[in-house]
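Structural characterization, general
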Amino acid sequence: METAPPAIICSSRSRRVIPLQPRRIRKAVSDMDFLLLKHVRKGAALAVWAGVVWMGVAGIHRGLWLDEAWVANSLRSATWGEMWWGGEWLQTSPPLFLALGRVWLAVAGLSVEALRVVPLVFALVAVGAVMAASPVKWRALAAAAVFAGVGPEYFFSFKQFGAEAAAVAVVLWVASLERPWVLVVVTALLLPLAYPIAFLLPGLVWLVEPRKRIQAAAIWGAVLAALYWEFVRPN
(Lines give C-alpha, C1' and ligand atoms only; values in the text may rest on other atoms or scores of the structure.)
Protein backbone atom coordinates (compact mmCIF):
# COMPACT_ATOMS: atom_id res chain seq x y z
CA MET A 1 0.00 0.00 0.00
CA GLU A 2 1.40 3.38 -1.02
CA THR A 3 1.56 6.30 1.42
CA ALA A 4 2.03 10.00 0.91
CA PRO A 5 5.54 11.38 1.25
CA PRO A 6 6.51 12.40 4.79
CA ALA A 7 6.70 16.12 3.85
CA ILE A 8 3.09 16.07 2.65
CA ILE A 9 1.94 14.28 5.85
CA CYS A 10 3.71 16.88 7.98
CA SER A 11 2.20 19.72 6.00
CA SER A 12 -1.28 18.18 6.24
CA ARG A 13 -0.97 17.80 10.02
CA SER A 14 0.21 21.41 10.35
CA ARG A 15 -2.88 22.66 8.55
CA ARG A 16 -5.11 20.62 10.86
CA VAL A 17 -3.42 21.81 14.04
CA ILE A 18 -3.34 25.52 13.17
CA PRO A 19 -6.33 26.14 10.94
CA LEU A 20 -7.19 29.57 9.58
CA GLN A 21 -10.33 30.87 11.38
CA PRO A 22 -11.38 34.23 9.92
CA ARG A 23 -14.86 34.08 11.49
CA ARG A 24 -13.47 33.84 15.03
CA ILE A 25 -11.08 36.70 14.34
CA ARG A 26 -13.90 38.87 13.04
CA LYS A 27 -16.04 37.98 16.07
CA ALA A 28 -13.22 38.87 18.47
CA VAL A 29 -12.72 42.21 16.78
CA SER A 30 -16.47 42.85 16.82
CA ASP A 31 -16.65 42.07 20.55
CA MET A 32 -13.78 44.46 21.22
CA ASP A 33 -15.54 47.21 19.27
CA PHE A 34 -18.76 46.56 21.20
CA LEU A 35 -17.01 46.77 24.57
CA LEU A 36 -15.22 49.94 23.52
CA LEU A 37 -18.49 51.52 22.35
CA LYS A 38 -20.19 50.45 25.58
CA HIS A 39 -17.50 52.18 27.65
CA VAL A 40 -17.75 55.29 25.47
CA ARG A 41 -21.51 55.44 26.05
CA LYS A 42 -21.07 55.05 29.79
CA GLY A 43 -18.41 57.72 29.77
CA ALA A 44 -20.67 60.11 27.87
CA ALA A 45 -23.53 59.51 30.32
CA LEU A 46 -21.26 60.10 33.29
CA ALA A 47 -19.98 63.27 31.64
CA VAL A 48 -23.54 64.60 31.39
CA TRP A 49 -24.17 63.77 35.07
CA ALA A 50 -20.90 65.41 36.09
CA GLY A 51 -21.68 68.50 34.01
CA VAL A 52 -25.07 68.93 35.66
CA VAL A 53 -23.59 68.56 39.15
CA TRP A 54 -20.76 70.95 38.33
CA MET A 55 -23.09 73.66 37.02
CA GLY A 56 -25.39 73.27 40.00
CA VAL A 57 -22.59 73.45 42.56
CA ALA A 58 -20.80 76.29 40.73
CA GLY A 59 -23.85 78.54 41.05
CA ILE A 60 -25.01 77.42 44.46
CA HIS A 61 -23.96 80.72 46.11
CA ARG A 62 -25.60 82.87 43.44
CA GLY A 63 -28.10 85.38 44.83
CA LEU A 64 -31.83 85.20 44.15
CA TRP A 65 -33.50 87.21 41.44
CA LEU A 66 -36.92 88.79 41.98
CA ASP A 67 -39.14 85.86 40.99
CA GLU A 68 -37.05 83.41 43.05
CA ALA A 69 -37.29 85.67 46.09
CA TRP A 70 -41.05 85.81 45.53
CA VAL A 71 -41.31 82.02 45.75
CA ALA A 72 -38.89 81.83 48.71
CA ASN A 73 -40.93 84.40 50.65
CA SER A 74 -44.09 82.41 50.03
CA LEU A 75 -42.43 79.36 51.61
CA ARG A 76 -41.81 81.43 54.74
CA SER A 77 -45.52 82.15 55.19
CA ALA A 78 -46.90 81.58 58.65
CA THR A 79 -49.33 78.89 57.49
CA TRP A 80 -49.64 76.46 54.61
CA GLY A 81 -52.83 78.23 53.55
CA GLU A 82 -51.05 81.55 53.17
CA MET A 83 -48.34 79.84 51.14
CA TRP A 84 -50.79 78.27 48.71
CA TRP A 85 -53.42 80.96 48.44
CA GLY A 86 -51.18 83.96 48.60
CA GLY A 87 -52.79 86.69 50.58
CA GLU A 88 -51.14 89.76 49.06
CA TRP A 89 -49.29 88.01 46.23
CA LEU A 90 -50.27 85.98 43.19
CA GLN A 91 -49.24 82.35 43.59
CA THR A 92 -48.38 80.64 40.30
CA SER A 93 -46.19 77.77 41.54
CA PRO A 94 -47.76 74.28 41.67
CA PRO A 95 -48.82 73.18 45.17
CA LEU A 96 -46.61 70.10 45.41
CA PHE A 97 -43.53 72.12 44.46
CA LEU A 98 -44.30 74.57 47.27
CA ALA A 99 -44.95 71.75 49.74
CA LEU A 100 -41.65 70.02 48.95
CA GLY A 101 -39.78 73.32 49.21
CA ARG A 102 -41.36 74.17 52.57
CA VAL A 103 -40.51 70.75 54.02
CA TRP A 104 -36.93 71.01 52.75
CA LEU A 105 -36.43 74.45 54.30
CA ALA A 106 -37.81 73.17 57.59
CA VAL A 107 -35.04 70.55 57.54
CA ALA A 108 -32.12 72.51 56.03
CA GLY A 109 -32.97 76.01 57.15
CA LEU A 110 -33.42 79.11 55.02
CA SER A 111 -30.35 80.03 52.97
CA VAL A 112 -29.48 80.66 49.35
CA GLU A 113 -27.53 77.38 49.25
CA ALA A 114 -30.47 75.38 50.61
CA LEU A 115 -32.76 76.92 48.00
CA ARG A 116 -30.31 76.11 45.20
CA VAL A 117 -30.19 72.43 46.21
CA VAL A 118 -33.86 71.97 45.24
CA PRO A 119 -33.46 72.69 41.48
CA LEU A 120 -30.20 70.73 41.43
CA VAL A 121 -32.01 67.62 42.67
CA PHE A 122 -34.76 68.08 40.09
CA ALA A 123 -32.14 68.52 37.34
CA LEU A 124 -30.53 65.20 38.30
CA VAL A 125 -33.92 63.48 38.36
CA ALA A 126 -34.74 64.87 34.91
CA VAL A 127 -31.43 63.72 33.43
CA GLY A 128 -31.78 60.25 34.99
CA ALA A 129 -35.36 59.80 33.80
CA VAL A 130 -34.52 60.87 30.25
CA MET A 131 -31.60 58.44 30.16
CA ALA A 132 -33.80 55.62 31.47
CA ALA A 133 -36.50 56.32 28.87
CA SER A 134 -34.10 56.63 25.92
CA PRO A 135 -32.49 53.87 23.83
CA VAL A 136 -29.06 52.93 25.18
CA LYS A 137 -27.06 54.45 22.35
CA TRP A 138 -28.86 57.80 22.61
CA ARG A 139 -29.08 58.20 26.40
CA ALA A 140 -26.33 60.75 26.91
CA LEU A 141 -27.35 62.77 23.84
CA ALA A 142 -31.04 62.80 24.83
CA ALA A 143 -30.27 63.90 28.39
CA ALA A 144 -27.93 66.64 27.21
CA ALA A 145 -30.51 67.82 24.66
CA VAL A 146 -33.26 68.07 27.29
CA PHE A 147 -30.99 69.87 29.71
CA ALA A 148 -29.85 72.33 27.06
CA GLY A 149 -33.40 72.76 25.78
CA VAL A 150 -34.76 73.83 29.17
CA GLY A 151 -31.62 75.85 29.80
CA PRO A 152 -29.26 75.77 32.78
CA GLU A 153 -30.51 79.19 33.91
CA TYR A 154 -34.06 77.89 34.26
CA PHE A 155 -33.04 74.46 35.54
CA PHE A 156 -31.09 75.94 38.45
CA SER A 157 -33.53 78.72 39.33
CA PHE A 158 -35.60 78.34 42.46
CA LYS A 159 -38.74 78.14 40.39
CA GLN A 160 -40.90 75.26 39.24
CA PHE A 161 -39.25 74.97 35.81
CA GLY A 162 -36.78 72.24 36.77
CA ALA A 163 -39.47 70.36 38.69
CA GLU A 164 -41.75 70.45 35.65
CA ALA A 165 -39.01 69.09 33.41
CA ALA A 166 -38.24 66.33 35.93
CA ALA A 167 -41.91 65.38 36.31
CA VAL A 168 -42.48 65.21 32.54
CA ALA A 169 -39.32 63.12 32.12
CA VAL A 170 -40.48 60.69 34.82
CA VAL A 171 -43.90 60.35 33.15
CA LEU A 172 -42.26 59.58 29.80
CA TRP A 173 -39.97 57.02 31.45
CA VAL A 174 -42.94 55.30 33.13
CA ALA A 175 -44.76 55.33 29.78
CA SER A 176 -41.80 53.46 28.24
CA LEU A 177 -42.25 50.66 30.82
CA GLU A 178 -45.59 49.71 29.22
CA ARG A 179 -47.41 49.39 32.56
CA PRO A 180 -50.62 51.34 31.96
CA TRP A 181 -51.95 51.58 35.50
CA VAL A 182 -48.58 52.51 36.93
CA LEU A 183 -48.59 55.30 34.35
CA VAL A 184 -52.07 56.40 35.46
CA VAL A 185 -51.09 56.55 39.14
CA VAL A 186 -47.71 58.24 38.62
CA THR A 187 -49.21 60.84 36.27
CA ALA A 188 -51.98 61.64 38.74
CA LEU A 189 -49.46 62.04 41.58
CA LEU A 190 -47.18 64.32 39.54
CA LEU A 191 -49.85 66.66 38.18
CA PRO A 192 -49.72 68.79 41.38
CA LEU A 193 -45.97 69.19 40.77
CA ALA A 194 -46.11 70.05 37.08
CA TYR A 195 -49.17 71.52 35.40
CA PRO A 196 -47.68 71.06 31.86
CA ILE A 197 -48.24 67.31 32.18
CA ALA A 198 -51.85 68.11 31.27
CA PHE A 199 -50.73 68.70 27.68
CA LEU A 200 -49.47 65.09 27.52
CA LEU A 201 -52.72 63.50 28.71
CA PRO A 202 -54.44 63.20 25.28
CA GLY A 203 -51.48 61.12 24.08
CA LEU A 204 -50.93 59.20 27.31
CA VAL A 205 -54.52 57.97 27.43
CA TRP A 206 -53.89 55.92 24.27
CA LEU A 207 -51.22 53.95 26.12
CA VAL A 208 -53.88 52.57 28.48
CA GLU A 209 -55.88 49.44 27.64
CA PRO A 210 -58.90 50.35 25.49
CA ARG A 211 -61.35 49.11 28.13
CA LYS A 212 -59.72 51.25 30.84
CA ARG A 213 -59.19 54.50 28.93
CA ILE A 214 -62.39 56.07 30.23
CA GLN A 215 -61.37 55.27 33.82
CA ALA A 216 -57.88 56.72 33.29
CA ALA A 217 -59.30 59.87 31.72
CA ALA A 218 -61.77 60.21 34.61
CA ILE A 219 -58.99 59.94 37.21
CA TRP A 220 -56.78 62.50 35.48
CA GLY A 221 -59.77 64.78 34.88
CA ALA A 222 -60.73 64.64 38.55
CA VAL A 223 -57.19 65.56 39.62
CA LEU A 224 -57.07 68.47 37.16
CA ALA A 225 -60.49 69.71 38.28
CA ALA A 226 -59.43 69.59 41.95
CA LEU A 227 -56.19 71.46 41.19
CA TYR A 228 -58.04 74.12 39.24
CA TRP A 229 -60.74 74.57 41.88
CA GLU A 230 -58.44 74.61 44.91
CA PHE A 231 -55.26 76.28 43.63
CA VAL A 232 -55.59 77.85 40.18
CA ARG A 233 -58.97 79.57 40.46
CA PRO A 234 -58.31 81.35 43.80
CA ASN A 235 -55.10 82.84 42.40
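Because the structure is predicted, anything quoted here is derived from the model rather than measured. (Residues numbered from 1 in each chain as written. Predicted model: local features only at pLDDT ≥ 70, side-chain atom pairs only at ≥ 80, totals over all residues. Heavy atoms only, no water.)

Details of the side chain of Ser157
Counted only if it meets this: Per the convention used, a helix needs a DSSP run of H or I reaching at least four residues, while a strand needs a run of E reaching at least two, with both numbered from the N terminus. Only heavy atoms enter the contact rule, under which two residues are in contact if any of them lie within 4.5 Å.
Positionally, Ser157 belongs in the loop between helix H8 (152–155) and helix H9 (161–176). Among residues more than four places away in sequence, those in contact with Ser157 are Trp65, Glu68, Arg116 and Pro119.

Let's talk about the pattern of salt bridges
This is how it is decided: When a carboxyl oxygen of Asp or Glu is within 4 Å of a side-chain nitrogen of Lys or Arg, the pair counts as a salt bridge. We call a residue buried when its accessible area falls under 20% of the maximum for its residue type, exposed when it is over 50%, and partly exposed in between, using a 1.4 Å probe and counting protein chains only.
Evaluated as defined, the whole model comprises two salt bridges. For the salt bridge of Glu68 with Arg116, the shortest nitrogen-to-oxygen distance reads 2.4 Å. With Glu68 in helix H3 (residues 66–75) and Arg116 in helix H6 (residues 112–133), this residue pair connects regions lying 48 residues apart in the sequence. Under the relative-accessibility criterion, Arg116 is labelled buried at 3%. Where Arg211 meets Glu209, a salt bridge forms, and the shortest distance between an N and an O atom there is 3.8 Å.

Considering the side chain of Glu164
Where we set the bar: We score Asp and Glu as negative and Lys and Arg as positive, and we do not count His or the chain ends.
Summarising the element assignment, Glu164 is placed in helix H9. Among buried Asp, Glu, Lys and Arg side chains, Glu164 stands out as unpaired, with Lys159 the closest opposite charge at 8.9 Å. The contact partners of Glu164, leaving out residues within four places of it in the chain, are Pro94, Leu193, Ala194 and Pro196.

Observations concerning the packing of aromatic side chains
The criterion, for reference: Only Phe, Tyr and Trp rings are paired, with Trp represented by its six-membered ring, and only when their centres lie within 6.5 Å; those with planes under 30 degrees apart are stacked, over 60 edge-to-face, the remainder tilted. The criterion is that NZ of a Lys, or CZ of an Arg, lies within 6 Å of the ring centre and within 35 degrees of the ring normal, and then a charge sits over that ring.
A complete count under the given rule lists six aromatic pairs for this structure. Judged by centre distance (5.8 Å) and plane angle (0°), the ring pair of Trp85 and Phe231 falls under stacked. Linking Trp85 in helix H4 (residues 80–85) with Phe231 in helix H12 (residues 213–232), this pair joins segments that are 146 residues apart in sequence. Members of the aromatic cluster, each reached through a chain of ring pairs, are Trp80, Trp84, Trp85 and Phe231. Over the aromatic face of Trp229 sits the side chain of Arg233, whose NZ or CZ is 4.0 Å from the ring centroid.

Comments concerning the confidence of the model for the protein
Cut-off, in case you're wondering: The predictor attaches a confidence to each residue, and that confidence, scored 0 to 100, is pLDDT.
Taken over all residues, the pLDDT of the protein has a mean of 80, while the share at 70 or more is 77%. Low confidence marks residues 7–18, where pLDDT is under 50. Its contacts with residues over four positions away, or in another chain, come to one contact. Here residues 25–29 is modelled with pLDDT under 50, and outside its nearest four sequence neighbours on either side it reaches zero contacts, counting other chains as well.

Describing helix H5 (residues 95–108)
Heads up, the rule is: The span expected for a helix works out to 1.5 Å for each residue beyond the first.
With 14 residues, H5 extends 20 Å between its outermost C-alpha atoms, agreeing within 8% with the 20 Å of an ideal straight helix rising 1.5 Å per residue. What H5 keeps buried is the set Pro95, Phe97, Leu98, Ala99, Gly101, Arg102 and Leu105. For H5, the elements touching its buried residues are H3, H4, H6, H9 and H12.

Regarding the nonpolar core
What counts is decided by this rule: We call a set of buried residues a nonpolar core when its members are Ala, Val, Leu, Ile, Met, Phe, Trp, Tyr or Cys and they connect through side-chain atoms within 4.5 Å of each other.
Counting 50 residues, the largest nonpolar core has Phe97, Phe158 and Ile197 as its most contacted members. Listing elements by their share of this core, those giving two or more residues are helix H2 (22–58), H3, H5, H6, H9, helix H10 (180–190), helix H11 (201–204) and H12. If we skip the residues at most four places from it in the chain, Phe97 touches Val71, Val118, Phe122, Phe158, Lys159, Gln160, Ala163, Pro192 and Leu193.

Quick word on the packing of H3 against H5
Condition: What counts as an axis is a line fitted to C-alpha atoms, over the stretch in contact for a helix, and the angles between N-to-C directions run from 0 to 180 degrees. For classification purposes, angles smaller than 35 degrees are called roughly parallel, those larger than 145 roughly antiparallel, those between 65 and 115 roughly perpendicular, and all remaining angles oblique. Should the near helix be turned anticlockwise from the far one by less than a right angle, the crossing is termed left-handed; should it be turned clockwise, right-handed. Three classes are used, and their members are as follows: Ala, Val, Leu, Ile, Met, Phe, Trp, Tyr, Cys and Pro are nonpolar, Asp, Glu, Lys and Arg are charged, and the others, Gly among them, are polar.
Taken N-terminus to C-terminus, the directions of H3 and H5 make an angle of 70°; their axes are 9 Å apart at the nearest point. It follows from the interaxial angle that H3 and H5 lie roughly perpendicular. H3 and H5 meet at a crossing whose hand is right-handed. Residues Val71, Ser74 and Leu75 of H3 pack against Phe97, Leu98, Gly101, Arg102 and Leu105 of H5. The residue makeup of the contact of H3 with H5, split by class, is five nonpolar, two polar and one charged.

Brief notes about the environment of Ala165
By the secondary structure assignment, Ala165 is in helix H9. For Ala165 and Ile197, which are 32 residues apart along the polypeptide, the C-alpha to C-alpha distance reads 9.5 Å.

Some thoughts on H10
As a reminder of what qualifies: Along the arc lie the directions from the helix axis toward the C-beta atoms.
Among the residues of H10, those classed as buried are Pro180, Leu183, Val184, Thr187, Ala188 and Leu190. All buried residues of H10 project into a common sector of 165° when viewed along the axis, lining one side.

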